[in-house]
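Structural overview for review
Given next are the chains, with one letter for each unit.
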Amino acid sequence: AQIGGLPGEKTPLRGRGKGGLEGDDYTVEKVVFESLPRYYVTANVYVPKNARPPFAAVLGAAGHSSVGKASMPYQRAWIGLAKRGILVLAWDPPGQGERVEYPDPTGRKSRFNDGGTGEHTMAAIQCLLTGTNVARYFIWDGVRALDYLLERGDVDPKRIGVAGNSGGGTMTSYLAALEPRLAAAAPSCYLTSWETLWPTRGPQDGEQVFVNFIADGLNFADFVTAFAPKPLQMATATRDYFPIAGAKATFEKATRVYTALGAAEHISLFAYDDTHGWSKPRREATYRWFSQWLLNRQDDGVEPEFDITSVEALQSTPTGQVGTSYPDAETLRSLNAALARAMYPRRTAAQARDLESIVRRRLGVGEVRQAVPHEARGTSAHTGYRVENFELMPEPGIVLPAAVFVPEGGPAKKSAVLYLDPAGAMTAGGSGGAIETLVREGNVVLAVDPRGYGRSTPRGRVVGGYSPEYSTAMRALLVGRNLPGMQTEDVLSAFGFLARRPDVASDRIRLVGKGNGAVPALFAALLEPRFAHVTVEGGPESYLALAQAATHRGLLDILVPGVLRDFDLPDIRAALGARLSTSAKTSTTGSSH
């Protein structure tokens, strides 16, 4: 459920070959198959010469590398297994190797030249809008790769394993949990625990973050125990950014399950004192594991010296890229965009009347407390008005920077404006700014930075290519929350604070949202009918348009998982009717702060 199900029915693989290469005791077949219609998967099949069919086989899941299956340590693992008589099918994940989906002007390299993670995350965020996870397509490629192995006729269906490192360790763990035809598994440099990963590097690639995963009580150990009692070896690095302490805790939990099933010898932990990667010691541990469980023999696992093949020689497509070899090729984006278009007419808001309840449920907005002042930051006097600086606390542990601009004179109870700007509410608070204009018109103005805005932006640095903003958004999803939902709660809480001020007329409070701030402004205005009016300046046109955009910017800031199953922003605008005004053109790509 957390990945939105697998993406389709099994359709013809339409496997095609592009010649092969000869090694000393193995051959390499260059293959392309379709895991979905026109969704092309590039693969290499390493076929042993020193064994007879039907072969034991291993699905080789490549980790994050710009050259995918052809990366040096991965090639060594595939060849090392083939030299032991095990057939290996290694494939490129989406966005890597021959499957670049966001090409640069040359058509051969990615615009996000970071080993695939940028491409994965670009598509992953769009997939979340449809209530799916980009991992479903990665997993499906692995399932169909296994189908391809079985269609060959030279593979023993009872002796098929899966192995990979890092992102490939992720896919190995997923396939072990979801593919019942596998006989053994050897994930490397992935399995740890959320208790140890959370305070360190935290959430990482888009296909590694499942909505509600922690909220539903799940952890890394569940991937392992789902495979029990089949043989699984966890290979780890003691100095990995996937913490070794978490790997040990996961191994201990899994061992208890395996022991209860009478299969304690089927679970193993191999740890080596080095850093992240499929280094030679971990590859050799993998050879020993599969020799034992797929070949029924003991092996010292020693990896001999041998040459590997150039990236170009291993290419399975005529041009070296799916996109330029097959003009009809689907991409993660195009597949998800088609899903978005198909589900849009069936969204809940198109069938039901109670839009407020639909939105509240999808955002996860519960009972909202009135924000209370947390700490005063002083008052400053200006010509014609004063500014009260303080912090608001909408709920325990959450503190929001805020300021109230109060005009001199006028009626005892004044009209008021709650002002939102993702760049920071106070950016418009200077002399001659938008807030001062509102104040000089006689309005009390509350400028507040909800979670993720301005002075409430997460602090920290980019780690491993993941920004503090990305990490915060993904952490929210893991525990069953989302930033727009929390921001909406902040706005509603701030409204309660403003409405209770003795100098504010509670029936004359307006809401202004700039840029992406338009999104929580629309949500809050729908959920709080006492807002007299809401004005949005810029912001996105619709989630449907964002789901279909070639690329996006700022979507992470307004991401609501599964939103297109229930409603879209035009539904909110229509419901607000005359209470809404728009002062600038909306965007189909989102806006950033």
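Everything that follows concerns the structure shown earlier in this document.
Everything quoted here is computed from the prediction, not taken from an experiment.

1. As for the packing of helix H3 (residues 135-152) against helix H10 (residues 332-343)
Remark: H3 packs on H10, axes separated minimally by 11 Å, with the N-to-C direction vectors making an angle of 115°. Here H3 lies roughly perpendicular to H10, going by the angle between them. Along this stretch, H3 crosses H10, giving a crossing that reads as right-handed. Counted together, Arg-136, Tyr-137 and Phe-138 of H3 and Leu-332, Leu-335, Asn-336 and Leu-339 of H10 form the full contact between these two elements. Taken together, the residues of the contact of H3 with H10 sort by class into 5 nonpolar, 1 polar and 1 charged.

2. Concerning the sheet that holds strand E3 (residues 39-48)
If you trace the 9 strands from one edge of the open sheet to the other, you get E1-E2-E3-E5-E4-E6-E7-E8-E9, paired in mixed fashion. A single partner strand is all that each edge strand has here, and the edge strands are strand E1 (16-22) and strand E9 (267-272). The average undirected angle you get between the axes of adjacent strands in this sheet is 20°. Sitting on the sheet, helix H1 (residues 72-82) is in contact with strand E2 (26-36), E3, strand E4 (55-61), strand E5 (86-91) and strand E6 (155-165), with an inclination near 155° to E5.

3. Comments concerning the sheet that holds strand E17 (residues 580-582)
Spatial ordering of the open sheet is given by E10-E11-E12-E14-E13-E15-E16-E17, a layout of 8 strands whose pairing is mixed. Looking at which strands have only one partner, the edges of the open sheet turn out to be strand E10 (372-382) and E17. Strand-to-strand twist in this sheet, taken as the mean axis angle between neighbours without regard to direction, amounts to 20°. As paired strands, strand E11 (residues 385-395) and strand E12 (residues 398-407) are joined by 9 bridges and run antiparallel to one another.

4. Digging into H10
Compared with an ideal rise of 1.5 Å per residue, which puts 12 residues at 16 Å, H10 spans 17 Å between its outermost C-alpha atoms and is within 8% of the ideal. Turning to H10, its buried residues number three or more, namely Leu-332, Ser-334, Leu-335, Asn-336, Ala-337, Ala-340 and Met-343. Of the surrounding secondary structure, the elements contacted by the buried residues of H10 are E2, E3, helix H2 (117-129), H3, helix H17 (543-548) and helix H18 (563-566).

5. Description of the pattern of salt bridges
Applying the stated rule across the entire model yields 32 salt bridges. Of the charged contacts, one joins Arg-181 and Asp-147 as a salt bridge, the two residues approaching to 2.7 Å between their closest N and O atoms. Of the two residues, Arg-181 is situated in the loop between helix H4 (167-178) and strand E7 (184-188) and Asp-147 in helix H3; the sequence distance between them amounts to 34 residues. On the basis of relative accessible area, Asp-147 is assigned to the buried category, the value being 8%. Arg-362 is paired through a salt bridge with Asp-566; the nearest N and O atoms lie 2.9 Å apart. One end of the pair, Arg-362, is in helix H12 (residues 355-363); the other, Asp-566, is in helix H18, and 204 residues separate them in sequence. Connected through shared salt-bridge partners, Lys-10, Arg-144, Asp-147, Glu-179 and Arg-181 make up one network.

6. Focus: the environment of Gly-538
With respect to the element layout, Gly-538 can be found in the loop between strand E16 (531-537) and H17. Counting along the chain gives 21 residues from Gly-538 to Gly-517, while the straight-line C-alpha distance between them is 8.7 Å.

7. Observations concerning the packing of H12 against helix H16 (residues 518-527)
Two elements in contact, H12 and H16, have axes whose closest approach is 10 Å; the angle formed by their N-to-C orientations is 130°. Relative to H16, the element H12 lies oblique. Pair H12 / H16 crosses with left-handed handedness. Counting all contacts with H12, which are made through Leu-355, Glu-356, Val-359, Arg-360 and Leu-363, the residues of H16 involved are Phe-523, Leu-526 and Leu-527.

8. Structural notes on the nonpolar core
Judged by nonpolar contacts, the single largest core of 139 residues is most densely connected at Leu-418, Leu-446, Phe-523, Tyr-543 and Leu-564. Among the elements that make up this core, the one with the highest residue count is H3 (10 residues). When residues no more than four places from it in sequence are discounted, the contact partners of Leu-418 are Leu-446, Val-448, Val-491, Ala-494, Phe-495, Leu-498, Arg-510, Leu-511, Val-512 and Phe-531. Counting residues in hydrophobic clusters, the runner-up holds 28 residues, among them Tyr-46, Ala-56, Ala-70 and Ile-79.

9. Some words on the pairing of E9
Here strand E8 (residues 232-237) runs beside E9; their pairing, made up of 6 bridges, is parallel. Across the sheet, the residue bridging to Thr-236 is Ala-271, located in E9. Traced from E8 through helix H7 (residues 244-260) to E9, the parallel crossover comes out right-handed.

10. A short note on the pairing of E12
Burial analysis of E12 places 9 of its 10 residues in the buried class, which makes it a mostly covered element. Bridge count for E12 against strand E14 (residues 444-448) is 4 bridges, and the pairing is antiparallel. Counted as the bridge partner of Ala-402 is Val-448 from E14.

11. Some thoughts on unusual backbone geometry
The peptide bond linking Pro-53 to Pro-54 adopts the cis configuration, its omega dihedral lying at 5°. In this structure, Pro-54 sits in the loop between E3 and E4. Omega for the peptide link from Ala-228 to Pro-229 comes to 5°, which places this bond in the cis form. Mapped onto the elements, Pro-229 comes out in the loop between helix H6 (221-225) and E8. Of note, Cys-189 is a non-glycine position whose phi angle comes to about 55°, a positive value. Looking at Cys-189, the relative accessible area reads 2%, which means it is buried. The backbone of Asn-296 shows a phi angle near 60°, a positive value even though the residue is not glycine. Its location among the elements puts Asn-296 in the loop between helix H8 (280-294) and helix H9 (322-325). Judged by relative accessible area, Asn-296 falls into the exposed class, the value being 70%.

So, how was this worked out
Residues numbered from 1 in each chain as written. Predicted model: local features only at pLDDT ≥ 70, side-chain atom pairs only at ≥ 80, totals over all residues. Heavy atoms only, no water. Axes fitted to C-alpha atoms, helices over the stretch in contact; angles between N-to-C directions. Helix = DSSP H or I, 4+ residues; strand = E, 2+ residues; numbered from the N terminus. Parallel < 35°, antiparallel > 145°, perpendicular 65-115°, else oblique. Left-handed = near helix turned anticlockwise from the far one by under 90°. Contact = heavy atoms within 4.5 Å. Nonpolar A, V, L, I, M, F, W, Y, C, P; charged D, E, K, R; others polar. Pairing = 2+ DSSP bridges. Expected span 1.5 Å × (residues − 1). Buried < 20%, exposed > 50% of the residue type's maximum accessible area, 1.4 Å probe, protein only. Salt bridge = Lys/Arg side-chain N within 4 Å of Asp/Glu carboxyl O. Core = buried A, V, L, I, M, F, W, Y, C linked by side-chain atoms within 4.5 Å. Right-handed = clockwise from strand over helix to strand, strands pointing away.

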